[in-house]
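Each chain, written out:
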Amino acid sequence: MRGSPLFLCLFSMSCWVNLMPTAGDKIFHFGACRVSMSMTEIRAGFTAIKANIQSRDPIRTLSILSHPQSLHKVKSSDRCCITHHLFTFYVDKVFKHCRTEDSFVNRKISSIANSFLSARRKLEQCHEQNNCLCGEESTEKFKQILANYEGLNVTSAAMKSLGELDILLDWMEKSR
């Protein structure tokens, strides 16, 4: 029994450390949901490939995320829902179709995709606990984003969406 207090102390410390965000992580509040993400790592990865990805976009007059009212003026109660939809959109539709001949670019895309996948899992947990409800406004805004995406061929739409990632990241940081 002499080791029990020491074990309990070490166990408590390890749990506390695992719950704390790591250096560079930011905690985002999407409605009632809190998600920790390394925005520094995501931005650094995106910055490293942004010019390469955007140079592959042949249609400069159309935007997937910047369509009027797509992300602007989202109610705080709808932020969780639309963020969950957007992370699912990026994981399921965008990152899957963004492959290049450049292994460096592919590694950066994979790293960003893994960060999004992790955040999406946290949002799914929140969604399952009914803390991430979808209002009509967020549903309509997401439908508009999907319509913009589906108006293009899959590869062009995926590259364009990845090239616009900074729009999503800026919105997330502004609505923190």
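Owing to the predicted nature of the structure, the values given are computational and were not obtained by experimental measurement.

Rules and cut-offs
- Residues numbered from 1 in each chain as written.
- Predicted model: local features only at pLDDT ≥ 70, side-chain atom pairs only at ≥ 80, totals over all residues.
- Heavy atoms only, no water.
- Core = buried A, V, L, I, M, F, W, Y, C linked by side-chain atoms within 4.5 Å.
- Buried < 20%, exposed > 50% of the residue type's maximum accessible area, 1.4 Å probe, protein only.
- Contact = heavy atoms within 4.5 Å.
- Disulfide = S-S within 2.5 Å.
- Helix = DSSP H or I, 4+ residues; strand = E, 2+ residues; numbered from the N terminus.
- Axes fitted to C-alpha atoms, helices over the stretch in contact; angles between N-to-C directions.
- Parallel < 35°, antiparallel > 145°, perpendicular 65-115°, else oblique.
- Left-handed = near helix turned anticlockwise from the far one by under 90°.
- Phe/Tyr/Trp six-rings, centres within 6.5 Å; stacked < 30°, edge-to-face > 60°.
- Pairing = 2+ DSSP bridges.

Draft legend 1. Representation of the nonpolar core within the structure. Counting 47 residues, the largest nonpolar core has F89, Y90, F116, L162, L165, L168 and M172 as its most contacted members. If we skip the residues at most four places from it in the chain, L168 touches L65, L71, L86, F87, Y90 and F116.

Draft legend 2. Just the state of the cysteines, in detail. Within this structure, the stated rule accounts for two disulfides. Disulfide partner of C33: C126, at an S-S distance of 1.7 Å. Here the disulfide of C33 and C126 is left-handed, its torsion about the S-S bond being about -100 degrees. Taken together, the positions of C33 in strand β2 (residues 33-37) and C126 in helix α4 (residues 103-128) put the pair 93 residues apart, joining distant regions of the chain. Grouping residues by exposure puts C33 and C126 together as buried.

Draft legend 3. Representation of the packing of helix α3 (residues 79-94) against helix α7 (residues 165-174) within the structure. At a closest axis distance of 12 Å, the pairing of α3 and α7 adopts a crossing angle of 155 degrees. Taken together, the axis directions place α3 and α7 in an arrangement best described as roughly antiparallel. Where α3 crosses over α7, the two elements pack in a sense that is left-handed. Facing R79, I82, T83, L86, F87 and Y90 of α3, the residues of α7 in contact are L165, L168, W171 and M172.

Draft legend 4. The arrangement of the packing of aromatic side chains in detail. According to the stated counting rule, one finds eight aromatic pairs in the structure shown. With a centroid separation of 6.2 Å and an interplanar angle of 85 degrees, the aromatic rings of F89 and F142 are classed as edge-to-face. Here F89 is found in helix α3, whereas its partner F142 is found in helix α5 (residues 136-150), with 53 residues between them in sequence. Here F89 and F142 have matching classes, each one buried. Between Y90 and F116, the ring centres sit 5.7 Å apart and the planes meet at 55 degrees, which makes this aromatic pair tilted. Here the residue Y90 occupies a position in helix α3, and F116 occupies one in helix α4, the gap between them amounting to 26 residues.

Draft legend 5. Spatial organisation of the environment of G151. In this structure, G151 sits in the loop between α5 and α6 (154-163). Of the residues examined, G151 reaches a relative accessible area of 61% and is grouped as exposed. Note: C-alpha distance between G151 and I64 (87 residues apart in sequence) is 9.5 Å.

Draft legend 6. Representation of the side chain of S161 in the model. Following the sequence through the fold, S161 ends up in helix α6. For S161, a relative accessible area of 0% corresponds to the buried category. Residues contacting S161, with those up to four places away along its chain left out, are I64, F89, Y90, V94 and Y149.

Draft legend 7. Seen up close, the pairing of β2. Most of β2 sits out of view: four of its five residues are buried. Taken together, the five bridges between strand β1 (residues 26-30) and β2 define a ladder with antiparallel strand orientation. Residue pairing for β2: F28 is matched across the bridge by V35. Turn length for the β1-β2 hairpin, with the two strands adjacent in sequence and antiparallel, is two residues, and the turn residue G31 shows positive phi of about 60 degrees.

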